[in-house]
Every structure is written in structure tokens, then in C-alpha cells.
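A closer look at the structure
As a plain string of letters, each chain reads:
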Amino acid sequence: MAIKSLIINPGSTSTKIGVFEDETLLFEETLRHSTEEIAQYASIVDQKDFRKQIILDLLKSKDFDINSLQVIVGRGGMLKPIPGGTYAVSDALLEDLKIGKQGQHASNLGGILAREIADSIGVPSYIVDPVVVDELMPISRYSGVPELPRTSVFHALNQKAVAKRFAKEQGKAYNTLNLVVVHMGGGVSVGAHEKGRVIDVFNALDGDGAFSPERAGAVPSGALIKMCFSGKYTEKEVYKKIVGNGGFNAYVGTNDMRDVEKMVSEGDKKAEEVREAFIMQVAKNIGSMSCVLKGKVDQIIITGGIAYDKVVVSELKERVGFIAPVTVYPGEDELLALAQGALRVMNGEEEAMTY
């Protein structure tokens, strides 16, 4: 029998939902929230009832019977570091989402809303591969400064989803393969997937790896320290240079690769050089992760929005194709990835993880 699921993916100013029958999307909606609506609430968790009601109102407007659902899935939030997988929204997990174990973020609401709606109709609720997925091997945590360990912050949901998709298409199990997975979007993360675990990864947020459309990636630390103590910038201003205004934004004034390609086509040599530098840095990250896997790489997988860019993909293949074959899955489909995570548990392909 087909399994119907409701998928909830909250963002800071929107709540994206999808209803699936197995892996077939029946409908999806992005519910937008104005700044004024959000400003009424002192904290993210205080938005719960407001967001829940608009989800229920939408389903009602579509004459969708909520009692026909077999499972509800929410985007995972800022929990403690955990291995990848599909997690039942237990009381302990729910409490850590409410307090924001590693910080306040709209994604924390995903599991909270899933649990509350699921409980009301007597079905299970899950989260899948949140951003806090941490499977690093101990030696991957060393940075050179004990107070500054390397951390696992990456596009876990999409990286794991495309890795499992590739394995399934090859008729193999994800936990039998060694893969280097590259997500290229607003941020870039490159991970070494060894037999189903991401044993090393470049921090996609604020301090590792290639620069991206809006993040600086790794920068010369000595020069950064001097900038911090120059008296010219506040802490927030320096951080904004690293996250938000870094990368393509800093060099060519846009965070959209399509704009960069347009500049290049119009003869902009600076834009062309920045694009080439980006490709080389991503390629270096891939090479690094292939070394983590001791050169035993079954496949390199490229995903994310920039994977639609044929020039970037072609030049990446030229630089890293000697390591392993390359498969490209452009874009990302978080709603489907969340639905698939629940389906694997509901169909008995995987066991739900315990938080």
C-alpha cells in the first residue's frame, strides 16, 4: 500500500510543505511569512502555533484529509551532533529542538510541528539528516589549535540523499561505497563518504574549504587576525565578510552563478578569473577528500544549484576525472529527500535512529 506523507521544511520567512504518495509529489506549497508576522513572536519556538495553523488551513483549502496521512516528516534542526539517518521525534529530541541545543534556527520548528500534527492523528513523526550530522573520524577533528576543533557543518540532507540515490541506481548499498560528494549552492561542502559515513567534510558555513557565492571559505588566518584587531571592523562586520558578503559577492558583487556566467559572456575578465579560482578550489577540496579515502573512490558526485552550470561541471571533471568517474545530480530536492528518509524506515529498509 502506498504511504502518504506530509513534509514540513520551515525557513526563516517561509514554511515549505509537500504531500507525497511514496516518492510521488501530490502537491507542494511555499507559505510566505511577512516580517511583521514573524516579529510578533519573541522566539522561534513561539511561532509554532501560528505556523501549524497555516499548514492545517492550507490542507483544508485543498480538501485534503489529514487523517489519510501515515507519517509526518520535519526538517531537522540545531540538535546535538548526531550520526546521519532518520530519527523518530522522541521526547528528548523534541526538548532539544525547543531549547535550540546548538542555536535558534527556523529548522528547529520542523520536528516540533511534525510531532504535534502526527500526535493529533496517531501517526509517527521523523526528522532526516539535519545539518548537525556528525560522523567525523577522530583525526578529522584536529585543526592545529586544540581550542578550535574542526566541525561537521554541511549539506547533510542533500549529500546523503544523492549518495543513496547513486547507490540505488547502481544496485548497491550506500554502506558498501566510497564516495566524494560535492554540494555547490550558496555554500559549498565536500564530504568523504566511507561505507555510509561522512568521515571528513569541509565546514560549509564559516571557515573551511572553497569560497562560494556568498561565503569566504578558508582564508589566511594571520591576515584575518590582523583584520579583526585593526579597529576598522566590528565582530559582526568581520563575520559578515566571511558569511554573507564573502566569495562571489565580495569579488564580483553577486551571489548568483548565472550572473557570473553573463559577465563572462560579456567579456568580464575578472568574473572569468573568479569562476576559474572557484573551480580550482572545489577541485582541490575533492582531491583532499580522495586522500582521506586513500584514493579508493568509487564515484565523485556533484550536486546543488551550481551543478546546473555546464562550464563549471565540465571544468571540474577535467580537473578531477582522473580520481574517479563523476556523476552529476543538479539542484536539490529537500522535500523528496525528507520523504525518502521516512519511506526507508516505513518500508523496513532502515531502522529509525534513536536520539
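In this text the structure is predicted, and so the values were computed from the model without any measurement.

**Observations concerning the overall build of the protein chain**
When helices and strands are counted, the protein chain shows 12 helices and 11 strands. In terms of overall dimensions, the protein chain is globule-like: its C-alpha atoms have a radius of gyration of 21 Å, near the 20 Å expected for 355 residues. Over its C-alpha atoms, taken along the principal directions, the protein chain stretches across nearly 55 × 50 × 45 Å. Within the protein chain, buried positions represent 53% of all 355 residues. In the protein chain, of all internal contacts separated by at least 6 residues, the share reaching a separation of at least 24 is 67%. If you sum the accessible surface of the protein chain, you get close to 16,900 Å²; carbon and sulfur atoms cover 51% of it. The protein chain carries 40 positive and 47 negative side-chain charges, and their two centres are separated by 4 Å.

**Comments concerning the sheet that holds strand β7 (residues 178-184)**
Here 5 strands make up an open sheet; going across it, the order is β9-β8-β7-β10-β11 and the pairing mixed. Each edge of the open sheet is held by one strand with a lone partner, namely β9 (197-201) and β11 (326-330). Across the sheet, the mean angle from the axis of one strand to that of its neighbour is 25°, orientation sign disregarded. Relative to strand β10 (residues 299-304), β7 runs parallel, the two being bridged by 5 bridges. By the bridge assignment for β10, Val 181 is matched with Ile 301. The sheet contacts of helix α10 (residues 269-292) involve β7, β8 (188-194), β9 and β10, and relative to β8 the element is tilted by about 20°. Sitting on the sheet, helix α11 (residues 310-320) is in contact with β7, β10 and β11, with an inclination near 155° to β11.

**As for the pattern of salt bridges**
One pass over the structure, following the stated rule, counts 21 salt bridges. Between Arg 275 and Glu 276 there is a salt bridge; the shortest N-O distance is 3.8 Å. Residue class for Arg 275 comes out buried when judged on its relative accessible area of 7%. The shortest N-O distance in the salt bridge between Glu 350 and Arg 344 comes to 2.9 Å. The partly exposed category is assigned to Glu 350, whose relative accessible area is 24%. What you see here is one network of salt bridges that share partners, running through Lys 48, Asp 49, Lys 52 and Glu 116.

**Details of the nonpolar core**
Within soluble globular proteins, side chains that are nonpolar tend to cluster in buried spots. In this structure, Met 184, Phe 278, Val 282, Ile 286, Ile 300 and Leu 316 are the most contacted members of the largest nonpolar core, which totals 37 residues. Those elements that place two or more of their residues in this core are β7, β8, α8 (248-252), α9 (257-265), α10, β10 and α11. A per-element tally of this core places α10 first, with 9 residues. The contact partners of Met 184, leaving out residues within four places of it in the chain, are Phe 278, Val 282, Ile 302, Thr 303, Gly 304, Gly 305, Ile 306, Ala 307, Val 312 and Leu 316. Membership of the second largest hydrophobic core comes to 21 residues, among which are Ile 8, Ile 44, Ile 117 and Ile 121.

**Considerations on the pairing of strand β6 (residues 125-128)**
The two faces of β6 match: Ser 125 and Ile 127 on one face and Tyr 126 and Val 128 on the other face are all buried. Taken together, the 4 bridges between strand β4 (residues 71-75) and β6 define a ladder with parallel strand orientation. Considered in β6, the bridge of Arg 75 is made with Val 128. Strand direction decides the pairing type here: strand β5 (residues 86-88) and β6, joined by 3 bridges, are antiparallel. Counterpart to Ala 88 in the pairing with β6 is Tyr 126.

**Here we look at the sheet that holds strand β1 (residues 4-10)**
With mixed pairing, the 6 strands of this open sheet are ordered in space as β3-β2-β1-β4-β6-β5. At either end of the open sheet lies a strand with only one pairing partner, and these are β3 (24-32) and β5. When strand polarity is set aside, the average angle formed by the axes of neighbouring strands in this sheet is 25°. Note: β1 against β4, 4 bridges, orientation parallel. Paired with Ser 5 across the strands is Val 71, a residue of β4. Docked against the sheet, helix α2 (residues 48-61) engages β1, β2 (14-21) and β3, running at close to 45° with respect to β2.

**Brief notes about helix α3 (residues 91-99)**
The set of residues buried in α3 consists of Leu 93, Leu 94, Asp 96 and Leu 97. Looking straight down α3, one finds that the buried residues subtend no more than 165° of arc, so they occupy a single side. Turning to α3, the residues buried within the fold contact β5, α4 (108-121) and β6. Count one or two residues on from α3 and you reach Gly 100, which has phi positive near 70°.

**What about the pairing of β3?**
Here β2 runs beside β3; their pairing, made up of 8 bridges, is antiparallel. Counted as the bridge partner of Ser 14 is Arg 32 from β3. Counting the residues that bridge the hairpin from β2 to β3 gives 2 residues, and of these Asp 22 lies at a positive phi of roughly 55°.

Scoring rules and cut-offs
The numbers attached to residues start from 1 for each chain and follow its sequence in the written order. Whole-chain, interface and lining totals are the exception, using all residues; otherwise, since this is a predicted model, local features are given only for residues with pLDDT of at least 70 and side-chain atom pairs are given and counted only at 80 or more. To get the side-chain values, take all heavy atoms of the structure and skip hydrogens and water. Strands here mean DSSP runs of E at least two residues long; helices mean DSSP runs of H or I at least four residues long; both are numbered from the N terminus. Our radius of gyration looks at C-alpha atoms and nothing else; its globule reference is 2.2 Å times the residue count to the power 0.38. Any residue under 20% of the maximum accessible area for its type is buried, any over 50% is exposed, and the rest in between are partly exposed; the area is computed with a 1.4 Å probe on protein chains only. By the convention used here, residues are in contact when the closest approach between their heavy atoms is within 4.5 Å. Note on areas: Shrake-Rupley with a 1.4 Å probe; residue coverage comes only from the protein chains shown. Charge convention: Lys and Arg are scored as positive, Asp and Glu as negative, and His as well as the terminal groups of each chain are ignored. By convention, charge coordinates are those of NZ in Lys, CZ in Arg, CG in Asp, or CD in Glu. When DSSP finds two or more bridges between a pair of strands, those strands are recorded as paired. For helices, the fitted axis covers only the stretch in contact; all axes are lines through C-alpha atoms, and the angles between them, taken along N-to-C directions, range from 0 to 180 degrees. One speaks of a salt bridge when a side-chain nitrogen belonging to Lys or Arg is within 4 Å of a carboxyl oxygen belonging to Asp or Glu. What makes a nonpolar core is a set of buried Ala, Val, Leu, Ile, Met, Phe, Trp, Tyr and Cys residues whose side-chain atoms join them at distances within 4.5 Å. Directions from the helix axis toward the C-beta atoms define the arc.

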